[in-house]
Each structure stands twice: as C-alpha cells, then as structure tokens.
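So the chains spell out like this:
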Amino acid sequence: FISHFGTTALAGHQVVANLASVAYMLPLSIAVATGARVAQLRGAGHPQEAFQAGWQGIRLAGGLSVALGLALWLLRSAIVGVYSPDPAVRAVALQLFLFIAVYQIFDASQITTAFALRSFRIALAPALAYVVSLWGIGLAGGWLLGFNVTGGVPEALQGARGFWAANLAALALVASLLA
C-alpha cells in the first residue's frame with residue numbers, strides 16, 4: 001500500500017521497517033527463552049512458577065524495549081543517516097521514528113506474552129486476537145488513515161504515517177488482549 005505514496009515515502013518507510021525488524025530480534029529472543037522456561041516449569045509440574053516465569057519474561061522484554069525505543073528515538077538522526085544520504089528519504093523516515101520508538105514496548109509485550117501462552121497450550125485466543133488486531137485494526141485501519149478514505153483524517157495521519165499509526169494501535173490492542 002505504501003508504494004502508492006511514491007518512491008520517497010516507500011524508501012523512508014523501508015528504512016523504518018528494516019530497523020523495526022532488526023529491533024524485533026531482542027524481544028523475540030527473550031520470548032523464545034521465556035516460552036522454553038515456562039514450558040519446562042509446566043512440564044515439571046510447577047504451574048505457579050511457570051506463571052511467574054512468564055511474567056518475568058514479559059517484564060524483561062518490556063523493560064529492555066523501553067530502553068531500546070528511547071535509544072532509537074535519541075539516535076534517530078544518526079541511524080537514518082546510515083541508511084540513506086537522500087534528504088527527502090531521511091525526512092520521511094524521521095517522521096516515522098516516533099511510531100517505531102513507542103511501538104517497541106507493545107511489540108515486545110505481545111510476542112513474549114504469546115510465547116508464554118503457547119507454553120500453557122493457549123493458542124486459539126491469541127490467534128483470534130492477532131487476526132482482529134493486526135488485520136482489522138492494523139491493515140484496515142492503516143488503509144483508512146493512510147488513504148484518507150473517510151475524508152476527515154488529519155494530515156499528520158495520512159500516507160505512511162497512517163499505516164504506522166494503525167499498526168501501533170493494533171500492537172497495543174493485541175498486547176493488551178494477550179496480557
């Protein structure tokens with residue numbers, strides 16, 4: 001969808017999307033470790049300790065992602081400069097950095113919670129939460145905002161920013177639902 005806004009918008013979006021993918025590796029690693037620890041404790045017959053281990057992992061991932069989001073925000077100009085020398089691409093990417101900085105906490109929370117829940121053999125409810133949140137709010141909401149379908153979307157939420165705003169809202173919703 002973002003390609004409809006032109007090559008500069010697409011390039012700026014790609015800078016931030018690539019960085020989001022790299023930043024996601026930290027909470028994903030913690031989520032995998034949390035899931036393994038929770039499953040091990042459940043298998044050993046310690047459900048209360050498994051529950052506590054799940055929340056410890058969620059807090060760890062969340063805390064580290066707050067620090068990561070803050071670092072991304074503070075270093076945004078230097079980071080974008082590494083990706084592109086083009087001032088127009090840099091300007092677009094910098095407009096999206098607030099989303100990626102805040103996004104980190106929700107992304108870390110949702111993935112770590114999902115892994116902990118899978119270790120408790122809870123998979124259907126998270127799958128439904130993902131469908132409603134990421135497809136319903138994230139993709140459909142991004143389309144509505146980004147393309148100003150209703151005609152009343154503030155300019156600050158149009159274009160690529162609309163897709164990132166909707167995705168941020170979707171991650172916040174799914175993180176809350178899973179917790």
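The rules behind each value
- Residues numbered from 1 in each chain as written.
- Predicted model: local features only at pLDDT ≥ 70, side-chain atom pairs only at ≥ 80, totals over all residues.
- Heavy atoms only, no water.
- Helix = DSSP H or I, 4+ residues; strand = E, 2+ residues; numbered from the N terminus.
- Contact = heavy atoms within 4.5 Å.
- Areas by Shrake-Rupley, 256 points an atom, 1.4 Å probe, with all protein chains shown as cover.
- Lys, Arg positive; Asp, Glu negative; His and termini not counted.
- Charge placed at Lys NZ, Arg CZ, Asp CG, Glu CD.
- Patch = residues over 30% accessible without salt bridge, like charges linked within 9 Å, V, L, I, M, F, W, Y side chains within 5 Å.
- Salt bridge = Lys/Arg side-chain N within 4 Å of Asp/Glu carboxyl O.
- Buried < 20%, exposed > 50% of the residue type's maximum accessible area, 1.4 Å probe, protein only.

Enquirer: I'd love a proper account of the overall build of the protein chain, names of residues and values included.
Expert: Looking only at helices and strands, one finds six helices and zero strands in the protein chain. Along the protein chain, from the amino end to the carboxyl end, the secondary structure elements read α-α-α-α-α-α. When its C-alpha atoms are laid out on the principal axes, the protein chain stretches across 55 × 35 × 20 Å. Put simply, 74% of the contacts in the protein chain that link residues at least 6 apart link residues at least 24 apart. Looking at the protein chain as shown, the accessible area adds up to about 9100 Å², and 68% of this sits on carbon and sulfur atoms. Placing the 8 positive and 4 negative side-chain charges of the protein chain at their respective mean positions leaves the two points 11 Å apart.

Enquirer: Outline the environment of Arg-118, supporting the account with residue identities and numerical values.
Expert: With respect to the helices and strands, Arg-118 occurs in helix α4 (residues 87–119). Sequence spacing of Arg-118 and Ala-36 is 82 residues, and the spatial spacing of their C-alpha atoms is 9.9 Å.

Enquirer: Hey, could you go over a nonpolar patch on the surface for me, with residue numbers and the actual values?
Expert: Together, Phe-1, Val-131, Trp-135, Leu-139, Trp-143, Leu-144 and Val-149 line one region of the surface with nonpolar side chains, adding up to about 680 Å² of accessible area. With relative accessibility at 35%, the residue Leu-144 sits in the partly exposed group.

Enquirer: Quick one: what's the story with the side chain of Ser-133, residue by residue and with numbers?
Expert: Structurally, the position occupied by Ser-133 is in helix α5 (residues 124–146). Those residues in contact with Ser-133, other than ones at most four positions away along the chain, are Gly-138, Ala-170, Leu-173, Val-174 and Leu-177.

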